[in-house]
Amino acid sequence: PSGADKQFLVFFFKQLKRNLSGRYEKEFPYISPCGKERNFVRCDDLPVVFTHIIKDEVSGKELLSYCGGGEKLVVTFEPERLFMLPENGRLYHPAPEKTGAVGLVKSAVAFELSPFFVYNADVASAPPTHFRWNGKLYRLTNELARFIQLSGD
């Protein structure tokens, strides 16, 4: 995005939170306040979509950037907390608490990460059990499962 667009995206997504306003909560589960305006938001899955893995220049930590915000919208990449939903193969990662605590990993990024998942050889349709990243094997916690609901639930 251009500088102005990126600035807007950063502002919009930093304001985004669950809609507990008492208005349109079912139709629009998220809201992004902007002064006196209220931007009511709904989405197909989750509002936070992780689009890039980037490295913090100072700490060297790996970060997940979300929603077009580059280095201004990031969370620390926690490989052990990745969660793959077996029903549809979508990949999730922790997101800011106020937006629901979980975000969707963009398909292209999920595809890049897919070779690093380790599966139980005994159960063909089971989700992955581990994730191999930077020479370390992480046991997947699957703790995000409680936040994910399939459409139609």
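Above this text is the structure in question.
Nothing here was measured: the structure is a model prediction, and the numbers come from that model.

1. Remarks on the overall build of the protein
- When you go through the protein residue by residue, the secondary structure sums to two helices and twelve strands.
- Starting at the N terminus and ending at the C terminus, the protein contains elements arranged as α-β-β-β-β-β-β-β-β-β-α-β-β-β.
- For the protein, whose C-alpha radius of gyration is 17 Å, the value lies close to the compact-globule estimate of 15 Å for 153 residues.
- With respect to the principal axes defined by its C-alpha atoms, the protein has extents near 55 × 40 × 20 Å.
- The buried share of the protein, taken over its 153 residues, is 35%.
- Long-range contacts, defined as pairs at least 24 residues apart, comprise 40% of the intrachain contacts of the protein with a sequence gap of at least 6.
- Looking at the protein as shown, the accessible area adds up to about 9500 Å², and 52% of this sits on carbon and sulfur atoms.
- In the protein, 20 positive and 18 negative side-chain charges are present, and the distance between their average locations comes to 5 Å.

2. Observations regarding the sheet that holds strand E1 (residues 17-18)
- The three strands are arranged E1-E2-E3 in an open sheet whose pairing can be described as antiparallel. The open sheet is flanked by E1 and strand E3 (37-41), the only strands paired with a single partner.
- Pairing between E1 and strand E2 (residues 30-34): two bridges, direction antiparallel. Counterpart to lysine 17 in the pairing with E2 is isoleucine 31.
- In this fold helix H1 (residues 3-15) packs onto E1, E2 and E3, with an angle of close to 120° to the strand it touches most, E2.

3. Let's talk about the packing of aromatic side chains
- Per the stated rule, a full pass over the model turns up twelve aromatic pairs.
- Arranged with centres 6.2 Å apart and planes meeting at 65°, the rings of phenylalanine 116 and phenylalanine 131 form a pair that is edge-to-face. In this pair, phenylalanine 116 sits in the loop between helix H2 (107-113) and strand E10 (117-118) while phenylalanine 131 sits in strand E11 (residues 130-133), placing the two residues 15 residues apart along the sequence.
- Given a relative accessible area of 33%, phenylalanine 116 falls into the partly exposed group.
- On the basis of relative accessibility, which here comes to 0%, the residue phenylalanine 131 falls in the buried class.
- Ring pairs connect the aromatic residues Phe77, Phe116, Phe117, Phe131 and Trp133, which therefore count as one cluster.

4. A closer look at the side chain of histidine 130
- Positionally, histidine 130 belongs in strand E11.
- Of note is the side chain of histidine 130, whose polar atom sits 2.8 Å from the side chain of threonine 129.
- Excluding anything up to four places from it in sequence, histidine 130 contacts Phe116, Phe117, Val118, Leu137, Tyr138, Arg139 and Leu140.

5. Quick word on the pairing of strand E9 (residues 102-105)
- Relative to E9, strand E4 (residues 49-55) runs parallel, the two sharing two bridges. Pairing of phenylalanine 50 across the sheet is with valine 105, part of E9.
- Two elements, strand E8 (residues 91-94) and E9, share three bridges in a ladder whose sense is antiparallel. By the bridge assignment for E9, proline 94 is matched with valine 102.

Rules used throughout
For every chain, the first residue of its written sequence is number 1, and the numbers climb from 1 along that sequence. Given that this is a predicted model, residues contribute local features only at a pLDDT of at least 70 and side-chain atom pairs are listed and counted only at 80 or more, while totals for whole chains, interfaces and linings are drawn from all residues. The basis for every side-chain value is the complete set of non-hydrogen atoms in the structure, without hydrogens or water. Helix and strand definitions follow DSSP, with helices as H or I runs of at least four residues and strands as E runs of at least two, each counted in order from the N terminus. We compute the radius of gyration over the C-alpha atoms and compare it with the globule rule, which gives 2.2 Å times the number of residues raised to the power 0.38. Buried residues are those whose accessible area, probed at 1.4 Å on protein chains only, stays under 20% of the maximum for their type, while exposed residues exceed 50% and partly exposed ones sit between those limits. Contact criterion: two residues are considered in contact whenever any of their non-hydrogen atoms come within 4.5 Å of each other. All accessibility values rest on the Shrake-Rupley procedure with a 1.4 Å probe; residue burial counts only the protein chains present in the view. Only four residue types enter the charge count: Lys and Arg as positive, Asp and Glu as negative, with His and the chain ends excluded. A charged residue contributes its charge at one atom only: NZ of Lys, CZ of Arg, CG of Asp or CD of Glu. Paired strands are those between which DSSP finds at least two bridges. Note on geometry: axes are lines fitted to C-alpha atoms, helical ones only across the stretch in contact, with angles between N-to-C directions running from 0 to 180 degrees. Between rings of Phe, Tyr and Trp, where Trp is taken as its six-membered ring, a pair exists when centres lie within 6.5 Å; planes separated by under 30 degrees are stacked, by over 60 edge-to-face, and by other angles tilted. Each polar contact in these results corresponds to two N or O atoms within 3.5 Å; when the atoms are within protein, one needs to be able to donate a hydrogen and the other to accept it, and residues that are neighboring in sequence are counted only if both atoms are side-chain atoms.

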